[in-house]
Amino acid sequence: MRRYNFWSPILLIAVALIVRSLVTNLGMLFGMSQEAASNIAMIAMVIAALIMFNRMTKARRKK
């Protein structure tokens, strides 16, 4: 654990939570019910986390 980057998991969690909040608020703004907006936000959160993780690991493999 000599060169472990503590910022990567914190950044990943922060991006996932921000995307979830943003999608939930936008869904409710456009007239969706809270449950439907929350479900779509959960899917968007998982997709954003996977994209972010993929980009972080791809940059690490190139070094």
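Residues numbered from 1 in each chain as written. Predicted model: local features only at pLDDT ≥ 70, side-chain atom pairs only at ≥ 80, totals over all residues. Heavy atoms only, no water.

Right, let's get into the overall build of the chain. In terms of helices and strands, the chain carries two helices and zero strands. Its C-alpha radius of gyration of 15 Å places the chain more than 25% over the 11 Å reference for a compact globule of 63 residues. Dimensions of the chain, computed from C-alpha atoms along their principal axes, come out at roughly 50 × 20 × 15 Å. Looking at the chain as a whole, 16% of its 63 residues qualify as buried. Element-wise, carbon and sulfur atoms account for 67% of the exposed surface of the chain, whose accessible area totals about 5500 Å². (Helix = DSSP H or I, 4+ residues; strand = E, 2+ residues; numbered from the N terminus. Rg over C-alpha atoms; globule rule 2.2 N^0.38 Å. Buried < 20%, exposed > 50% of the residue type's maximum accessible area, 1.4 Å probe, protein only. Areas by Shrake-Rupley, 256 points an atom, 1.4 Å probe, with all protein chains shown as cover.)

On to helix H1 (residues 7-29), then. Between its first and last C-alpha, H1 extends 32 Å over 23 residues, near the 33 Å set by a 1.5 Å rise per residue. In the stretch just after H1, Gly-31 is the one whose phi turns positive, near 95°. (Expected span 1.5 Å × (residues − 1).)

The next point concerns the side chain of Thr-24. Checked against the element boundaries, Thr-24 lands in helix H1. Using a relative accessible area of 17% as the deciding quantity, one classes Thr-24 as buried. When neighbours within four sequence positions are excluded, Thr-24 is seen to be in contact with Ala-37, Ser-38 and Ala-41. (Contact = heavy atoms within 4.5 Å.)

Turning our eyes to something else, we now look at a nonpolar patch on the surface. A contiguous nonpolar patch, built from Leu-22, Leu-26, Leu-29 and Phe-30 and spanning about 470 Å² of accessible area, is present on the exposed surface. Take Leu-29: it is sitting in helix H1. (Patch = residues over 30% accessible without salt bridge, like charges linked within 9 Å, V, L, I, M, F, W, Y side chains within 5 Å. Salt bridge = Lys/Arg side-chain N within 4 Å of Asp/Glu carboxyl O.)

All right, on to the side chain of Thr-57 then. For Thr-57, the position within the fold is in helix H2 (residues 34-62). Thr-57 sits in the buried class, given a relative accessible area of 12%.

Feature annotation in UniProt places "transmembrane region" (unreviewed entry) on residues 7-30 and 36-53, given in this structure's numbering. Counted over residues 36-53, helix gives 100% and strand 0%. Its end C-alpha atoms are 26 Å apart. (UniProt positions renumbered as here; feature names shortened; annotations may be inferred.)

Inspection of the secondary structure assignment puts Ile-47 in helix H2. For the pair formed by Ile-47 and Ala-16, sequence separation is 31 residues and the distance between their alpha carbons is 8.7 Å.

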